[in-house]
Amino acid sequence: FSTACGHGTIALVTWALESGRLARREGDNRVLVDVPSGRLETIATVVGEDVVSVRFRNVPAFVWARGIEVAGFTVDIAYGGAFYAISPGPVRREELGRLIADGRRVKAELNARGGIVHPLEPELRDVYGVIWTDGDSNVTVFADGEVDRSPCGSGTSARLALLDSTGALARGQVLRHRGIIGTAFGGRVVGEVEVAGRPAVITEIEGSAHMTGQHQFVLEQGDPLGTGFLLR
């Protein structure tokens, strides 16, 4: 599993409020969410019965390394709840197959080298995804060659840390970060901290989510496979 998921956080808060699991009111609603990388403060904006947007303040994001040569590419590594290798690339649908293959190779080689470990939380380690960037667009190749349909919330935080460290994005200025299918998150740096003496930033990511369906699982008495099975 991922140690952080921005669009998953946005979806979870939207579901919790729209389904009535949590009480909601018109305007801003504060919800705290615990994820493997830490605790996130979220603000959901409600209009009528709908959550129209959710923004969250992420765990501290920081640059881990710059200019790493790997698999024929030069990448920067940054943390935004998970570690990402970030490099320019053609963010076009017709290039997707090559971006996936290259992303898998970059990730595998970096993790084979080892040593990418959060300085305070040793269980948060290794590169989770590779982000190819083109201006304000990106393709995030994560897990085992999967592609994020969103701009990637934790990846956006990692990229904000890189942009902030070079002054390419002013503090408070919103990065309209777009994914390969055109969906977008708004991200900005809202503060600075340190992580084990390393400069880090606090980022805020905003997006929206929509329900696509409902499903109910049933455990029927007498079902021999009702609790599942495992083949080894």
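In what follows, the accompanying structure is described. (Residues numbered from 1 in each chain as written. Predicted model: local features only at pLDDT ≥ 70, side-chain atom pairs only at ≥ 80, totals over all residues. Heavy atoms only, no water.)

1. Some details on the layout of surface pockets
- Considering only enclosed or pocket space, the largest pocket measures out at about 460 Å³ in volume.
- Taken together, 22 residues make up the lining of the largest pocket; nearest its centre are Ala11, Thr14, Ala209, His210 and Met211.
- At the level of secondary structure, the elements contributing two or more residues to the lining of the largest pocket comprise helix H1 (6–18) and strand E11 (184–195).
- Ranked by residues supplied to the lining of the largest pocket, first place goes to H1 with 7 residues. (1 Å grid on protein atoms, 1.4 Å probe; cavity = no way out; pocket = protein on both sides within 12 Å on 5 of 7 lines; lining within 4 Å. Points joined across faces, edges and corners; volume = space filled by probe spheres on them. Helix = DSSP H or I, 4+ residues; strand = E, 2+ residues; numbered from the N terminus.)

2. Quick notes on the pairing of E11
- Here 4 bridges tie strand E10 (residues 175–178) to E11, and the two strands are oriented antiparallel to one another. When the bridges of E11 are listed, arginine 176 appears paired with glycine 186.
- As consecutive antiparallel partners, E10 and E11 are separated by 5 residues, and within that stretch glycine 182 has a phi angle of approximately 95°, a positive value.
- Sheet topology note: the E11/strand E12 (residues 198–207) ladder contains 9 bridges and is antiparallel. Among the inter-strand pairings, valine 189 is bridged to a residue of E12, identified as threonine 203. (Pairing = 2+ DSSP bridges.)

3. Observations regarding the packing of aromatic side chains
- Summed over all chains, the structure comprises 7 aromatic pairs.
- Aromatic ring contacts, followed pair by pair, group Phe62, Trp64, Tyr79 and Phe83 into a single cluster. (Phe/Tyr/Trp six-rings, centres within 6.5 Å; stacked < 30°, edge-to-face > 60°.)

4. What about helix H2 (residues 96–113)?
- Taking 1.5 Å as the rise per residue, H2 with 18 residues should run 26 Å; its terminal C-alpha atoms sit 26 Å apart, in good agreement.
- All of the buried residues in H2 are Leu99, Asp102, Gly103, Val106, Lys107 and Leu110. Take H2 and look down its axis: the buried residues cluster within an arc of 135°, on one side only. The exposed residues of H2 that point more than 90 degrees off its buried face are Gly97 and Ala112.
- For H2, the secondary structure elements touched by its buried residues are strand E4 (62–70), strand E5 (73–79), strand E6 (83–88), strand E7 (127–134) and strand E8 (137–142).
- Glycine 114, located one to two residues past H2, shows a positive phi value of around 75°. (Expected span 1.5 Å × (residues − 1). Buried < 20%, exposed > 50% of the residue type's maximum accessible area, 1.4 Å probe, protein only. Arc of directions from axis to C-beta. Contact = heavy atoms within 4.5 Å.)

5. Re the pattern of salt bridges
- Applying the stated criterion to the full structure yields 16 salt bridges.
- Where glutamate 204 meets arginine 57, a salt bridge forms, and the shortest distance between an N and an O atom there is 3.1 Å. One end of the pair, glutamate 204, is in strand E12; the other, arginine 57, is in strand E3 (residues 50–57), and 147 residues separate them in sequence.
- Of the residues examined, arginine 57 reaches a relative accessible area of 38% and is grouped as partly exposed. (Salt bridge = Lys/Arg side-chain N within 4 Å of Asp/Glu carboxyl O.)

6. Digging into empty space enclosed by the protein
- Inspection of every chain in the model, using the stated rule, returns 1 cavity of 30 Å³ or more.
- Counted as a void, the largest cavity has a volume near 40 Å³.
- Of all elements in the fold, only H1 and helix H3 (153–166) reach the threshold of two or more residues within the lining of the largest cavity.
- Partitioning the lining of the largest cavity into residue classes produces 4 nonpolar, 6 polar and no charged. (Nonpolar A, V, L, I, M, F, W, Y, C, P; charged D, E, K, R; others polar.)

7. Digging into H1
- With 13 residues, H1 extends 18 Å from end C-alpha to end C-alpha; this agrees with the ideal 18 Å at 1.5 Å per step.
- Every buried residue belonging to H1 is among Gly6, Thr9, Ile10, Val13, Thr14, Ala16 and Leu17, and all of these are buried. Considered in projection along H1, the buried side chains sweep an arc of 165° and stay on one side of the axis.
- Downstream of H1 by one or two residues, glycine 20 has phi in the positive range, about 85°.

8. Concerning the nonpolar core
- Core analysis: the biggest nonpolar cluster contains 57 residues, and Val13, Val75, Tyr84, Ala85, Ile86, Val106 and Leu110 have the highest contact counts within it.
- Excluding residues within four positions of it along the chain, alanine 85 makes contact with Val75, Asp76, Ile77, Val106, Leu110, Val127, Gly129, Val130 and Ile131. (Core = buried A, V, L, I, M, F, W, Y, C linked by side-chain atoms within 4.5 Å.)

9. Describing the environment of proline 119
- Summarising the element assignment, proline 119 is placed in the loop between H2 and E7.
- Ignoring any residue separated from it by four or fewer positions in sequence, one finds proline 119 in contact with Phe62, Trp64, Val195 and Ala196.

10. As for the state of the cysteines
- Counted according to the given criterion, the structure contains 0 disulfides.
- Cysteine cysteine 5 shares no disulfide, and the gap to the nearest cysteine sulfur, in cysteine 152, comes to 7.3 Å. (Disulfide = S-S within 2.5 Å.)

11. Section: a nonpolar patch on the surface
- Residues Leu12, Trp15 and Met211 make up a contiguous nonpolar surface patch of about 300 Å² in total accessible area.
- Looking at where leucine 12 falls in the secondary structure, it is placed in helix H1.
- Given the relative accessible area of 41%, leucine 12 is considered partly exposed. (Patch = residues over 30% accessible without salt bridge, like charges linked within 9 Å, V, L, I, M, F, W, Y side chains within 5 Å. Areas by Shrake-Rupley, 256 points an atom, 1.4 Å probe, with all protein chains shown as cover.)

These figures come from the coordinates and say nothing about function on their own.
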